[in-house]
Amino acid sequence: MPESILAILKMQIVQQIFWTIVLGTATIAASRVVARALRHLLNKDSNPLPSSSIIVNIVRAVIWAVGASIILDSVYNQNSNAIITALGVGGIAVSLGFQDTLSNLIGGLQMAFMGIIKPGDNIQVDSQIGVVQDISWRHTTIRDPLGQTVIIPNSVISKTALVHLLPANRVVVPFAIPRYRDDGTETSTSIDALSDALIALARDAAQGLSPVVDGPSVFFSEITELGIKGKVILQIEDPTQVSKAADAVVRAIAQLLD
C-alpha cells in the first residue's frame, strides 16, 4: 500500500498538480497582501497617487501574470514568452471585438494617473451630478445628492465635458440684514459684531445636523439703503445633510432679525 501511494506521488501529473496548487496559492496570497498594503498606502494624505481601485487591480493583474508565468515555466516547462507572443498576435483580432472595454480601460487610466478626477471630487458629467466614489477599469461610480449610486463608463467621461463642482459638503447661505428696524430706527450693530453673531448662529444651527469641518465664514458683498448683504459659508462632514443644514442656518438668521 505505501509503495502504491509513493508511486502515485512520483507521477509527473500529480507533482504538476501539487506545485500548481502551491504556486497558485502563493500567487493569490501575494496579490492579496500587496493589494491590502497598496490600499493603505494610497489612502494616506501624503500619497500623490490617486486612491482609485484601478491602480490596485492593475498591480494585482501583474502579480497574477508573473505567477502564471512561473507556473508555466517551472512546472509545465512551457516557454511563457512564446505563449505571450501568440496571444499578442491573436489579441489584435480579439481587441477589435472589445473596443468599448479597451476605451473604458484607457479612459480610466488617463483619469487616474493624470489626476483628472479622484475619489471625493464633486463632479458633473452631462446631467449627472455626484461625488466620486471609485474609478475602476471599466466605470466610475458616483453618489448623487439623493444618495443614489450612478455608474458612468470611463469612455463617456473622457468624451464628455467634465465640470468640477464645489465640495458637496459645502453650505452657502446668502443673507440680507436690514439697516432699519420695524420701528424705523437704524440698526447700530457694527459689521464685526454682526459677523460674530452670524458665525455663532450658523455654527450652532449646522452642528445639530452634522459636525462642522470648516468655517463658518461670513463674507459681506454689498451695503445698500435697505440693508447689508453677504453669504455665510461653511462645510459639514455629511454631504447628505447640506440642504437641511442650509435650512437650519436660514432659520437661525431669521431669528436674528426678529
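Values in this document were obtained by computation on a predicted structure and should not be read as measured data.

Let us look at the overall build of the protein chain. Within the protein chain, the regular secondary structure consists of 8 helices and 8 strands. The buried share among the 258 residues of the protein chain stands at 29%. For the protein chain, the proportion of contacts with a sequence separation of at least 24, taken over those separated by at least 6, is 57%. Of the roughly 16,400 Å² of accessible surface on the protein chain, 61% is carried by carbon and sulfur atoms.

Counted at 1.5 Å a residue, the expected span for helix α7 (residues 191-207) with its 17 residues is 24 Å, and the 24 Å between its end C-alpha atoms agrees. If you check which residues of α7 are buried, you get Leu194, Ser195, Leu198, Ile199, Ala202, Ala205 and Ala206. Around the axis of α7, the buried residues are gathered within 145° of arc, so they sit on the same side. Counted as exposed and oriented over 90 degrees from the buried face of α7: Asp192, Asp196 and Asp204.

This next bit is on the packing of aromatic side chains. Under the criterion given, the structure shown has 1 aromatic pair. Note on Phe175 and Phe220: the rings are 5.9 Å apart at their centroids and 90° apart in plane angle, and the pair reads as edge-to-face. With a gap of 45 residues between them, Phe175 in strand β6 (residues 170-178) and Phe220 in strand β7 (residues 212-223) connect regions that are remote in the sequence.

Relative to each other, α7 and helix α8 (residues 242-257) sit at 140°, their axes nearing to 8 Å. Relative to α8, α7 is oriented oblique. As α7 runs across α8, the sense of the crossing is right-handed. Contacts between α7 and α8 involve Leu194, Leu198, Leu201, Ala202, Ala205 and Ala206 on the former and, on the latter, Ala245, Ala248, Val249, Ala252, Ile253 and Leu256. Partitioning the contact of α7 with α8 into residue classes produces 12 nonpolar, no polar and no charged.

Topologically, Ser195 is positioned in helix α7. Take Ser195: its relative accessible area is 14%, and that puts it in the buried class. Ser195 sits 22 residues away from Ser217 along the chain, and the two C-alpha atoms are 8.4 Å apart. Sequence-distant contacts of Ser195, defined by excluding residues within four places in its chain, comprise Val218 and Phe220.

Taking strand neighbours across the sheet as the criterion, the 5 strands line up as β4-β3-β2-β1-β5 in an open arrangement whose pairing is antiparallel. Looking at the sheet topology across the chains shown, the edges are occupied by β4 (149-153) and β5 (162-164). In this sheet, adjacent strand axes meet at a mean angle of 45° when their direction is disregarded. Of the strand pairs in this sheet, strand β1 (residues 122-125) and strand β2 (residues 128-135) are connected by 4 bridges, and their pairing is antiparallel. Considered in β2, the bridge of Gln124 is made with Ile129.

It is worth spelling out unusual backbone geometry at this point. Unlike most non-glycine residues, Asp126 shows phi in positive territory, near 60°. Inspection of the secondary structure assignment puts Asp126 in the loop between β1 and β2.

Let's shift gears to a nonpolar patch on the surface. Together, Ile58, Val62, Val66, Ile70 and Phe113 make up an exposed nonpolar region whose accessible area comes to about 430 Å². Among the elements that take part in the nonpolar patch, helix α3 (residues 53-74) stands out by supplying 4 residues, more than any other. Topologically, Ile58 is positioned in helix α3.

So, about the sheet that holds β6. A sheet is described by the order of its strands in space; here 3 strands give the open sequence β6-β8-β7, paired in antiparallel fashion. If you trace the sheet from one side to the other, it starts and ends with β6 and β7, each paired once. Put simply, the sheet's adjacent strands are angled 20° from each other on average, direction ignored. Along the sheet face, α7 touches β6, β7 and β8 (227-236) and points at about 140° away from the line of β7.

Reading the values: rules and limits
Residues numbered from 1 in each chain as written. Predicted model: local features only at pLDDT ≥ 70, side-chain atom pairs only at ≥ 80, totals over all residues. Heavy atoms only, no water. Helix = DSSP H or I, 4+ residues; strand = E, 2+ residues; numbered from the N terminus. Buried < 20%, exposed > 50% of the residue type's maximum accessible area, 1.4 Å probe, protein only. Contact = heavy atoms within 4.5 Å. Areas by Shrake-Rupley, 256 points an atom, 1.4 Å probe, with all protein chains shown as cover. Expected span 1.5 Å × (residues − 1). Arc of directions from axis to C-beta. Phe/Tyr/Trp six-rings, centres within 6.5 Å; stacked < 30°, edge-to-face > 60°. Axes fitted to C-alpha atoms, helices over the stretch in contact; angles between N-to-C directions. Parallel < 35°, antiparallel > 145°, perpendicular 65-115°, else oblique. Left-handed = near helix turned anticlockwise from the far one by under 90°. Nonpolar A, V, L, I, M, F, W, Y, C, P; charged D, E, K, R; others polar. Pairing = 2+ DSSP bridges. Patch = residues over 30% accessible without salt bridge, like charges linked within 9 Å, V, L, I, M, F, W, Y side chains within 5 Å. Salt bridge = Lys/Arg side-chain N within 4 Å of Asp/Glu carboxyl O.

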